[in-house]
Structures are given as C-alpha cells and as structure tokens.
Amino acid sequence: MFLKKKIFIMGLACSMVIPAIASAEGFSINEWSAEGVAMGGARMFAEDDPANVAYNPASITKVKGMGWKTGAVYISPHGKYTAYPKDGGPAQSGKNVVHPGILPYFYYVDQIDEKQWFGIGTFTRFGMISEFGKDSIVATNAYSSELKGMSITPTYAWKPDAKVSAALGAEINYVGLNLKKKIAGGAYDSETEGDSTALGWNAAVNYEFDDKNEIGLVYRSRITHTMEADFTSTYSVLNSKAHGKVVLPDSYAIGYNHKFDDKTRVELNGTYTMWSTYDKLNIYFDNPITTDSLDTKNWSNGWRYAIGVEHKLSDKYTLMAGFAYDGSVIPDEHADFMIPTGNRRTYSLGTQYHDKDQTVTLTLGHIDIGDKDISPKSGDQFSKVHTNSNYAKVVAIGYERKF
C-alpha cells in the first residue's frame, strides 16, 4: 500500500511538469538532464544520479537511499533557406522564426532495500517546432509545425548480485500536434490540431566486468498514437474532424563505461532508432469535400553515437564534456518543412558543484545541424529548396537533492 501511494503521489507531481518543445534530428529529444547534455547523452552509468531513470533505468541501482533531481534545458534553433520558384523567377530567401524550447525534467528514485529500487521521471523523448514565413513561398509546404511531447516513466529495478542489475518500466507518453500550411495554391490558411496519450514500456540490464568496466543495454518500445484532431481553414466550408495515426519508433541503446581511476571516467554510447516506423503521415477527414492528406515519409532507421567524459576536480567540483553525432534519417525526396534538417553534431561542456546532500549543474552546448534539400509536394510553388546555416544553442541547469 505504501508503494502504491508513493507511485501515485510522484506520478501526480511529474504530470504537472508539461514541457515545451525544441528542434531535433528526426523528432527525437536526447536532452534529459543538464549532466546528460554535458556528456553528449552518454550518461548511462552515472553514480547516485536519479536521472538514470531516463538514460538507463538499470542504473538507478547506483542511487544510494533516496534522491530527486529537477531542472530544465533551453534550446534555441536557427536556420535559413533558399527557395527557387517554379515559374523561374529569382530565388527567395527566408529563415526559421526562432521559438526557443524549454524542456523541464523531474526524477525521483528510492532504494527499497539492498536489492530493489523504485524510480519515476518526467522528460521529453519526442518533439519538434519549426516556423517559416506565413506569406513566404514555402508556406504551402508547411509554415508552422509543432509536436509537443512528455513521458512519465515509473520504473522498478533489481540487483540480484554485485555484477548484474536490471530494470523494467512503463511509459505514459503524451503528444500534441499542430500543423499549419497554406492550401489551394496559397489562397487559404489551414490548421490541424490534436493530441493523444498512449502507453509504452522499457527494459534495461547492466553487467559489471570489474570495478572499472561496465556495459549496459536499454530497449524502449514503439508507441502508437491514434489521434483525433480538428481541421480548420479560412475557407470554412472545408472545416472537419480529422483522424490519423503516428507511430513513435522503438530504439536500442548500448553503452560502455570505463573508469580510469576514482576521478575520471569515459562513456561510449550508440542508439539505434527504428525510424522506418514513420513511413507516412496520413490525415483523414470526416468532411467529404475535404481531400485526405496522404503524406509519404519513408524515413530510414538510424544511429546516434556519443562520447562523454567526467572528471572530478575535487570533492566539490566536477567537469564534464561530450560529443554526439546523429545521422539524418530523412530522404531528400520526402523532406519537408516540418523538420528541414540534416545530420547533427553536438558539442557540450558542463560543470557541477556538489556537497553531501545536493548538486548544482550548469551546461552549455552547441548543435551544428546539417543542410537539407527539399523537393516540392503537390501544390507547392517552388521547384527546390535548400536549407542552410542550421544550428541550435543549448543551456541546461539542474538541481539534485539526496536524503
């Protein structure tokens, strides 16, 4: 009864943290804590860190006693494009209307006994936002696209012996979708808006070869959202209820941790995401005179690689640094202005101050986002678009308390 009450209370607290959104390759988000950002997302084996709920649930067995962590990640995306009109006129230029994303997070872990742990967290796994000129040449493709997301993940972990730990968790995943574009050759504005909540799960296992080397595996299931939405237009006769399905991909992560000594360690991480589940974004309308939106995506599966280093300068101060590479999964022939980006390279640096009971973290990062060529869809007024000068600024803060 006590555990059930604790799950309810912590779940209620987590559900009140509704994250905003930020731009990402695909529409995955990897910025789940200030320390995680500092190490490029290679944060699967942190000692005494409640954020292990997100990065590697099996590692919540490294939390001694009880602790919680909260904070936020600020991401400011930037980008430009050059569009070539179908009529052969002069090229037109524009840029992303900057909408910084704020990603709050919260984690709680409690050691039940010597072999069992409970944890829960709320963080953003999927999301994106982009906006381009409403009256620009690209507005028939998409001039505003937003996917808000939040996950709540209650987790149970077990450590049967000194070398092995394992975890199993549920995921309550919320998404809210808002798409705006010009229709009828740019004559009218339209908006599609809806949301959905669905369930997924995750599992993880760690194995310690010795006191210096450890390996971990994490699986996160795919999540299928069946969404009810509203379609509205300045040509009101087209207004309609809309229906669609979005499949968020499953992923596999493998990590390796090596401790050089008590002060310095390095993590290597690879995450393989099954983006091929995002093969289409079809929206069907109840209004018989409104044409269904059938949008082929055909994304490919892809890897994300990361390396992170953590070094303790003293009992109170720690430095962290990281690098990550995301390969683009979006084929040029199906690229659009919902996510007009290519490969990503993330560079980050962070610092901690900590004492026996609390930790404060500050991280700065830069995401170098590759160019992307976009081909026209039916109704578009351009023959080709090239996006360029894409990047994002990242600032993250975190506070942890132990009991």
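Residues numbered from 1 in each chain as written. Predicted model: local features only at pLDDT ≥ 70, side-chain atom pairs only at ≥ 80, totals over all residues. Heavy atoms only, no water.

Draft legend 1. Here's a closer look at the confidence of the model for the chain. Confidence along the chain averages 88 in pLDDT terms, with 94% of residues attaining 70 or more. Note that residues 1–24 has pLDDT below 50 and, in this model, 61 contacts with residues that lie over four places away or in other chains. (pLDDT = per-residue confidence, 0-100. Contact = heavy atoms within 4.5 Å.)

Draft legend 2. Broad picture of the pattern of salt bridges. In total, this model carries 22 salt bridges according to the counting rule given. Linking Asp189 and Lys182 is a salt bridge whose minimum nitrogen-to-oxygen distance equals 2.9 Å. Asp295 is the salt-bridge partner of Lys377, the closest N and O atoms lying 3.3 Å from each other. Of this pair, Lys377 sits in the loop between strand E21 (372–374) and strand E22 (382–402) while Asp295 sits in strand E16 (residues 293–296), and the two are 82 residues apart along the sequence. Owing to a relative accessible area of 24%, Lys377 belongs among the partly exposed residues under this scheme. (Salt bridge = Lys/Arg side-chain N within 4 Å of Asp/Glu carboxyl O. Helix = DSSP H or I, 4+ residues; strand = E, 2+ residues; numbered from the N terminus. Buried < 20%, exposed > 50% of the residue type's maximum accessible area, 1.4 Å probe, protein only.)

Draft legend 3. Molecular detail of the pairing of strand E12 (residues 240–248). In the sheet, strand E11 (residues 223–233) pairs with E12 via 9 bridges, with the strands oriented antiparallel. Paired with Thr224 across the two strands is Val247, which belongs to E12. Linking two consecutive strands that pair antiparallel, namely E11 and E12, is a turn of 6 residues. As judged from the 3 bridges shared by E12 and strand E15 (residues 280–285), these two strands associate in the antiparallel manner. Along E15, the bridge assignment pairs Gly244 with Ile283. (Pairing = 2+ DSSP bridges.)

Draft legend 4. Highlighting a negative patch on the surface. A contiguous patch of negative charge on the surface is contributed by Asp210, Asp211, Asp261 and Asp262. Overall, the relative accessible area of 75% leaves Asp262 in the exposed class. (Patch = residues over 30% accessible without salt bridge, like charges linked within 9 Å, V, L, I, M, F, W, Y side chains within 5 Å. Areas by Shrake-Rupley, 256 points an atom, 1.4 Å probe, with all protein chains shown as cover. Lys, Arg positive; Asp, Glu negative; His and termini not counted. Charge placed at Lys NZ, Arg CZ, Asp CG, Glu CD.)

Draft legend 5. Just the environment of Thr224, in detail. Looking at the secondary structure, you find Thr224 in strand E11. A relative accessible area of 40% places Thr224 in the partly exposed class. Residues Thr224 and Gly101 lie 123 residues apart in sequence; the distance between their C-alpha atoms is 25 Å. When neighbours within four sequence positions are excluded, Thr224 is seen to be in contact with Ala198, Lys245, Val246 and Val247.

Draft legend 6. Molecular detail of the nonpolar core. Phe27, Val138, Trp299, Phe337 and Val385 are the most contacted members of the largest nonpolar core, which has 38 residues in total. Among the elements of the structure, strand E1 (66–85), strand E8 (164–183), E11, E12, E15 and E22 are those that each provide at least two residues to this core. Discounting residues that sit within four places of it in the chain, Phe337 has contacts with Tyr81, Ser130, Phe132, Val138, Asn141, Ala142, Ser145, Ile374 and Val385. The next biggest cluster of nonpolar side chains, apart from the first, holds 31 residues, and it includes Ile29, Ile60, Trp117 and Ala204. (Core = buried A, V, L, I, M, F, W, Y, C linked by side-chain atoms within 4.5 Å.)

Draft legend 7. View of unusual backbone geometry. Non-glycine residue Asp48 carries a positive phi angle of around 55 degrees. With respect to the secondary-structure elements, Asp48 resides in the loop between helix H2 (34–38) and helix H3 (52–55). Look at Asp48 and you get buried, because its relative accessible area is 16%. Phi angles above zero are rare outside glycine, and Asn298 is one such case at about 50 degrees. Looking at where Asn298 falls in the secondary structure, it is placed in the loop between E16 and strand E17 (302–312). When its relative accessible area of 43% is taken as the criterion, Asn298 is described as partly exposed.

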